[in-house]
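# Architecture at a glance
Spelled out, the chains give:
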Amino acid sequence: MLLTRSERSFPRVIVIGGGFGGVEVARKLKDKDLEVLLIDRNNFHTFQPLMYQVATGTLASDAISFPIRKMFKSQHNFRFRLAEVTHIDPEQKMVHTSVGSYDYDYLVIATGATTNFFGNKEVETYSLPMKSIKEALNIRSYVLQNLEEAVLRKNMSERERYLNFVVVGGGPTGVELSGAIAEIQLHMLKKDYPELSEHEMKVFLIEGTGQILGALSEKSSRDAERYLNELGVKIMLNTQVTGYDGNTIRFSNGESIPTKTVIWGAGVKGQYPEGINPEIIERGNRIRTNGKCQVEGLDNVYAIGDVSAMLTPENPKGFPGVAPVAQQQGKYVAEHISGLVSGIESAADFSYFDKGSMATVGRNRAVVDMGKIHLKGFIAWMTWMFVHLVSIFGFRNKVVTFVNWSIKFLTKNSGIRLIVNKYHRPDPTRGQKEIVEPS
């Protein structure tokens, strides 16, 4: 049982969200004279950079997930509640959840981001997002289900919709996902589905701007585009999606593609609980903060990671929505709160150190930017694998991931092709809601 403000000996820090930023705050407050309460709707932390490998069958979902309670089993000032935050009350310093209400002395909002469909309800209804384990498993099931459906169709025209796979968004997620699906076509389709021709299966990558991987260097963008072309991915640049009815995706240039599968990775927007002043919400649904990650107009309330908008002359659009930003902000906020409790407030604002960016484009293909250093091909791929492997929480997860990658490298075989729960997409003719049932 958690003590009330009048009963406890130390100030309480409530962290909402068990992503990279929230976990970093809690970890850095270990052994401090503070009570740390982390609240999340899931009881596990997800290593999101490898979510696409769950969606394409390279990794099982538990390989990129780690129980939050286990993560903090040796941190005696840590508590966890599995709950949905419904509302925060900054005036009373209360957080209201689905399992009760908790008072705080310091509050850290690290609720991350969700998929942004830019107001297109049709696309939101029929496309597949990938911001959670459940959504990644939906993609895995649905890709395999459509291959099974294609086998039942007698001629090519009937199979076309089931064998066209469209990925929208040319950022790292879209590039990595389209490359992984293309490798299914090249290395798995003929072995598992001899009734189908690998030439019938097509993978499309749709990007609204003039280049993919726009956040990386031009060299990386060009190299990634070349790698995708080598894998057979058809890249459509300067192309905006106008609609998708579950059977055909339509573009602003008048073109269209018949497809049953559209995976949406074109944008994200911040998600936060009720109780935040709408006047401090910036573009991308992010909460405006000052240079110390403090929410404008609120005492002892912080926002970090994808939900934070720290706008400066050097970064007028805020920091990129990547894990290192959230982790560095989490460390900064933990140190800032510790300083306040000790009576020593840090005068320095948060400063982001960019260690570089990277993306993989299938087997032996990747791009890495580290300052002025640009890597590509096999060396970049090995660098990408090393960085991600050491970043995964848990020794078991590291070993499982390494073994799966090794098997795939040696056999060119993506092993987890299981339809455990069938994904039932909304019916375009009836508009029914998603139903997930045991297969």
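Here the structure is a predicted model, which means the values were calculated and not measured.

### Here's the deal with the packing of helix H5 (residues 133-152) against helix H6 (residues 156-163)
Contact geometry for H5 and H6: axes closest at 8 Å, N-to-C directions at 180°. One element, H5, and the other, H6, form an angle in the roughly antiparallel class. Contacts between H5 and H6 involve Asn 146, Leu 147, Glu 149 and Ala 150 from the first element and Arg 159, Tyr 162 and Leu 163 from the second. Per-class residue counts for the contact of H5 with H6 are 4 nonpolar, 1 polar and 2 charged.

### Notes on the packing of aromatic side chains
Scanning the model with the defined rule gives 10 aromatic pairs in all. Taking the centre distance of 4.0 Å and the plane angle of 15° together, the rings of Phe 72 and Phe 78 count as stacked. What makes Phe 72 buried here is its relative accessible area of 4%. The class for Phe 78 is buried, based on a relative accessible area of 7%. Residues Tyr 142 and Tyr 423 carry aromatic rings whose centres are separated by 5.4 Å and whose planes lie at 85° to one another, so their mutual orientation is edge-to-face. One end of the pair, Tyr 142, is in helix H5; the other, Tyr 423, is in strand E26 (residues 421-424), with 281 residues separating them in the sequence. With respect to class, Tyr 142 is no different from Tyr 423; both count as buried. Among the aromatic side chains, those forming a connected cluster through ring pairs are Phe 319, Tyr 332, Phe 350 and Tyr 352. A cation sits over an aromatic face here: Arg 363 above Phe 409, 4.5 Å from the ring centre.

### Quick look at a nonpolar patch on the surface
Taken together, the side chains of Phe 378, Ile 379, Met 382, Phe 409 and Leu 410 present a nonpolar region at the surface, about 520 Å² in accessible area. Of all the secondary structure elements, the ones that give two or more residues to the nonpolar patch are helix H11 (377-391) and helix H12 (395-411). Tallying contributions element by element places H11 first for the nonpolar patch, with 3 residues. Counting through the fold element by element, Phe 409 comes out in helix H12.

### Some details on the sheet that holds strand E19 (residues 281-282)
Pairing within the open sheet is mixed, and its 3 strands lie in the order E19-E20-E22. Every other strand in the sheet has two partners, leaving E19 and strand E22 (308-309) as the edge strands with one partner each. Pairing of strand E20 (residues 286-288) with E22, which is carried by 2 bridges, proceeds in the parallel orientation. If you follow Arg 288 over to E22, its bridge partner there is Ala 309.

### Concerning the sheet that holds strand E9 (residues 106-109)
Strand order across the open sheet formed by 5 strands is E5-E2-E1-E9-E21, with parallel pairing between neighbours. The sheet terminates laterally at strand E5 (78-82) and strand E21 (301-303), the two strands that pair on one side only. In this sheet, adjacent strand axes meet at a mean angle of 20° when their direction is disregarded. Sheet topology places strand E1 (residues 12-16) next to strand E2 (residues 35-40); 5 bridges connect them, and they run parallel. Looking at E2, one finds that Arg 12 is bridged to Glu 35. Here helix H1 (residues 20-28) sits on the sheet in contact with E1, E2, E5 and E9, set at roughly 160° to E2. Where helix H10 (residues 323-342) meets the sheet, its contacts fall on E1, E9 and E21, and the angle it forms with E9 comes to roughly 170°.

### Concerning the confidence of the model for the protein chain
For the protein chain, the mean per-residue pLDDT works out to 93, and 97% of the residues sit at or above 70. In the predicted structure, residues 431-439 sits below a pLDDT of 50 and forms 26 contacts with residues beyond four places in sequence or in another chain.

### Let's talk about the UniProt feature "domain: FAD/NAD(P)-binding" (unreviewed entry) in the protein chain
The UniProt entry lists residues 12-330 under the feature "domain: FAD/NAD(P)-binding" (unreviewed entry), expressed in the numbering used here. Along residues 12-330, the helical share is 29% and the strand share 26%, with 16 Å between the first and last C-alpha atoms.

### Points about the side chain of Gln 53
Its place among the elements puts Gln 53 in helix H2 (residues 51-55). Since its relative accessible area comes to 6%, Gln 53 is described here as buried. A polar contact of 2.7 Å, which involves the side chain of Gln 53, links it to the side chain of Trp 405. In contact with Gln 53, other than residues within four places in its own chain, are Thr 58, Leu 59, Trp 384 and Trp 405.

Procedures and definitions
- Residues numbered from 1 in each chain as written.
- Predicted model: local features only at pLDDT ≥ 70, side-chain atom pairs only at ≥ 80, totals over all residues.
- Heavy atoms only, no water.
- Axes fitted to C-alpha atoms, helices over the stretch in contact; angles between N-to-C directions.
- Helix = DSSP H or I, 4+ residues; strand = E, 2+ residues; numbered from the N terminus.
- Parallel < 35°, antiparallel > 145°, perpendicular 65-115°, else oblique.
- Contact = heavy atoms within 4.5 Å.
- Nonpolar A, V, L, I, M, F, W, Y, C, P; charged D, E, K, R; others polar.
- Phe/Tyr/Trp six-rings, centres within 6.5 Å; stacked < 30°, edge-to-face > 60°.
- Buried < 20%, exposed > 50% of the residue type's maximum accessible area, 1.4 Å probe, protein only.
- Lys NZ or Arg CZ within 6 Å of the ring centre and 35° of its normal.
- Patch = residues over 30% accessible without salt bridge, like charges linked within 9 Å, V, L, I, M, F, W, Y side chains within 5 Å.
- Areas by Shrake-Rupley, 256 points an atom, 1.4 Å probe, with all protein chains shown as cover.
- Salt bridge = Lys/Arg side-chain N within 4 Å of Asp/Glu carboxyl O.
- Pairing = 2+ DSSP bridges.
- pLDDT = per-residue confidence, 0-100.
- UniProt positions renumbered as here; feature names shortened; annotations may be inferred.
- Polar contact = N/O pair within 3.5 Å; in protein donor to acceptor, adjacent residues only side chain to side chain.

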